[in-house]
Amino acid sequence: MSRSPYEVLGVPATATDDEIKVAYRKLAKQYHPDLNGGSIAAENKMKEINEAYNFLIKHKGQAQPGSTYRQSGPFGGYGGQQYTYTGTGQANPFAGFEEFFRRAQQSSQYSSYSTYNETDPRLRQVEAAYIQRNFALAKQLLLGIEDRQAAWYYWSAMVDLAQGNRVSALNNARIAVQMDPSQPVFRALYNQLQSGGQAYRQTSMRQGFIGGLCNNPCLTCLAVNVVCNCCCRGGCI
Amino acid sequence: MFGYVTANYKALSEEDRAQYRQYYCGLCRALKQRYGNLSRLTLNNDMTFLFLLLSSLYEPEEDTAAVRCVLHPSKRMQYVVSDQAAYCADMTVLLAYLKALDDKADDGGIRARAGVAALKRPYLKVKALYPEKVERIASVIQEINAYEAQGGEDIDVPVNLSGKFLGEVFRYRDDAWGEDLRALGEELGRFIYLMDAFDDLKSDVKKGRYNALKPFSDQEQFESFCEDGLLMMIAESARVFEMLPLEKHLSILRNVLYSGVWMRYYQKTGACERAEDEQGDEA
């Protein structure tokens, strides 16, 4: 019989992230291999706890193929999947091309990517190099193009992103949208690049902070006051 | 590049302020004990954040003690002693030394030279403790300096190097948490570099000095571009942070990551001063 990750951590399904963290810490201390003389049962228990924690906290909102929570495995009920506790391995998601696409594919907005047809033959060469993941070549091809339209900036942003150059990617995506606001693919890329920041702002607001909300000071102050009035009385910071 | 990773002090609860203070003083005491009185001048908020973060993550055995301090002669100051305090003190003098070296190369002023001279021995001690780490950090800093010296226009080069540098500082040990801490530090390092460039842009342009944001500064909506870039980096840092199972000092650490890191930005842009004040009064 398999248990839900909530059951493994001994918390209700309504538990907040912070409650899950506390529960995890408590169990991890209890079953830590160092404290259990290398007991196999404790080790398996630890694996199970780690898997549950990863599923709920580390991988949430990042559906990976085959990442459904599973407990069937050679250890009868315990995690069949070896989870070594060495970080996510994807802790720096934007640095890599794959992570970006993994995330991008989830974004419904971004599905329009597949319908975008590059018409400029020089940019099609860039696209071909990009698809082959020859980013150095793609960059070189881009630099060889003198007349730079919105699509040039779009492809530059894509190549920048693949090479882990996020500031340039942001800037180029922004210019692409400014030059051609009507192209949904450019807009989608730009939004995608800003999505992390938006999530951060929301978390920040939820906690009663005003983190980085300076685009529109008047609206910001207003919003902050509303949030603060609702939440700060409750005793959060 | 110091001083950005600080708390929004006004928005901390009374209890959290006292805690923050204990760790700040703990770092100061560790500096004094390990590197002598003069090294306490290098004390900064950034490494206090790392100290709090490591303490929260590892929950080490800690001693608290109280001392009457020269800087606060009227009362006894509580401070925390732990292995993490020692590590953060080591990183503090290391960073201060490397910064002084850079300043010395820049202007050769008397302050920088005095700094290098005073921190040379502490630096050698740190280097002996963590030879590989110090080697890696020093070589990344050299790369940044070289890129700036040649006037490189690709902003992501120094931004990413800066991330690499702080990632190395944050990777306390090569254990289960090493990778997460590195990732958190890396994003924070990128954020700090951008913030520093934004902060210094006007004076750098005036004095004809290198600034990585200069090539962008004539563009439309330059400020909102900077803000988006900053947000992008700090958001990733916060995302990694939120994956760590932290309980202790959580409200202080979040205060820093979601609010404190923007203090300088608000000051600079002036846009949120009112909001900030009002929020401070509310809390």
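As a starting point, this report considers the structure included with it. (Residues numbered from 1 in each chain as written. Chains lettered and ligands numbered in written order. Predicted model: local features only at pLDDT ≥ 70, side-chain atom pairs only at ≥ 80, totals over all residues. Heavy atoms only, no water.)

**What to know about the overall build of chain A**
Within chain A, the secondary structure is distributed over 10 helices and 0 strands. In chain A, the succession of α and β elements from N to C terminus is α-α-α-α-α-α-α-α-α-α. Going through the 237 residues of chain A one by one, you find that 50% of them count as buried. A separation threshold of at least 6 residues defines the contact pool for chain A, and within that pool the share at least 24 residues apart is 54%. Accessible area for chain A stands at about 11600 Å²; split by element, carbon and sulfur atoms hold 54% of it. (Helix = DSSP H or I, 4+ residues; strand = E, 2+ residues; numbered from the N terminus. Buried < 20%, exposed > 50% of the residue type's maximum accessible area, 1.4 Å probe, protein only. Contact = heavy atoms within 4.5 Å. Areas by Shrake-Rupley, 256 points an atom, 1.4 Å probe, with all protein chains shown as cover.)

**Things to note about the packing of helix α2 (residues 45-58) of chain B against helix α3 (residues 83-107) of chain B**
Residue and element names in this part refer to chain B. With their axes 9 Å apart at the nearest point, α2 and α3 run at an angle of 155° to one another. In terms of orientation, α2 and α3 fall into the roughly antiparallel class. When the axes of α2 and α3 are compared, the crossing they make is right-handed. Taking contact as the criterion, the partners of Met47, Leu50, Phe51, Leu54, Ser55 and Tyr58 in α2 are, on α3, Gln84, Ala85, Tyr87, Cys88, Met91, Thr92 and Leu95. Grouping the amino acids of the contact of α2 with α3 by side-chain chemistry returns 10 nonpolar, 3 polar and no charged. (Axes fitted to C-alpha atoms, helices over the stretch in contact; angles between N-to-C directions. Parallel < 35°, antiparallel > 145°, perpendicular 65-115°, else oblique. Left-handed = near helix turned anticlockwise from the far one by under 90°. Nonpolar A, V, L, I, M, F, W, Y, C, P; charged D, E, K, R; others polar.)

**Considering the packing of aromatic side chains**
Under the defined criterion, the tally for this structure stands at 18 aromatic pairs over all chains. Judged by centre distance (5.2 Å) and plane angle (75°), the rings of B:Tyr58 and B:Tyr172 are edge-to-face. With a gap of 114 residues between them, B:Tyr58 in helix α2 and B:Tyr172 in the loop between α6 (156-170) and α7 (178-207) connect regions that are remote in the sequence. Take B:Tyr58 and B:Tyr172: they sit in the same class, and that class is buried. Feature note: the residues A:Tyr130, A:Phe135, A:Tyr154, A:Trp155 and A:Phe186 constitute an aromatic cluster, connected by ring pairs. Lying over the aromatic face of B:Tyr79, B:Arg29 brings its terminal NZ or CZ to 5.1 Å of the ring centre. Here B:Lys125 stacks its cationic end above the ring of B:Tyr35, 4.7 Å away from the centre of that ring. (Phe/Tyr/Trp six-rings, centres within 6.5 Å; stacked < 30°, edge-to-face > 60°. Lys NZ or Arg CZ within 6 Å of the ring centre and 35° of its normal.)

**A few points about α2(B)**
Residues and elements named next belong to chain B. Between its terminal C-alpha atoms α2 stretches 20 Å, which fits the 20 Å expected from 14 residues at 1.5 Å a residue. Counting buried positions along α2 gives 13 out of 14 residues, so the element sits mostly inside the fold. Its side-chain oxygen 3.1 Å from the backbone nitrogen of Asp46, Asn44 forms the N-cap of α2. Of the residues trailing α2, Glu59 is marked for its positive phi of about 40°. (Expected span 1.5 Å × (residues − 1). Polar contact = N/O pair within 3.5 Å; in protein donor to acceptor, adjacent residues only side chain to side chain.)

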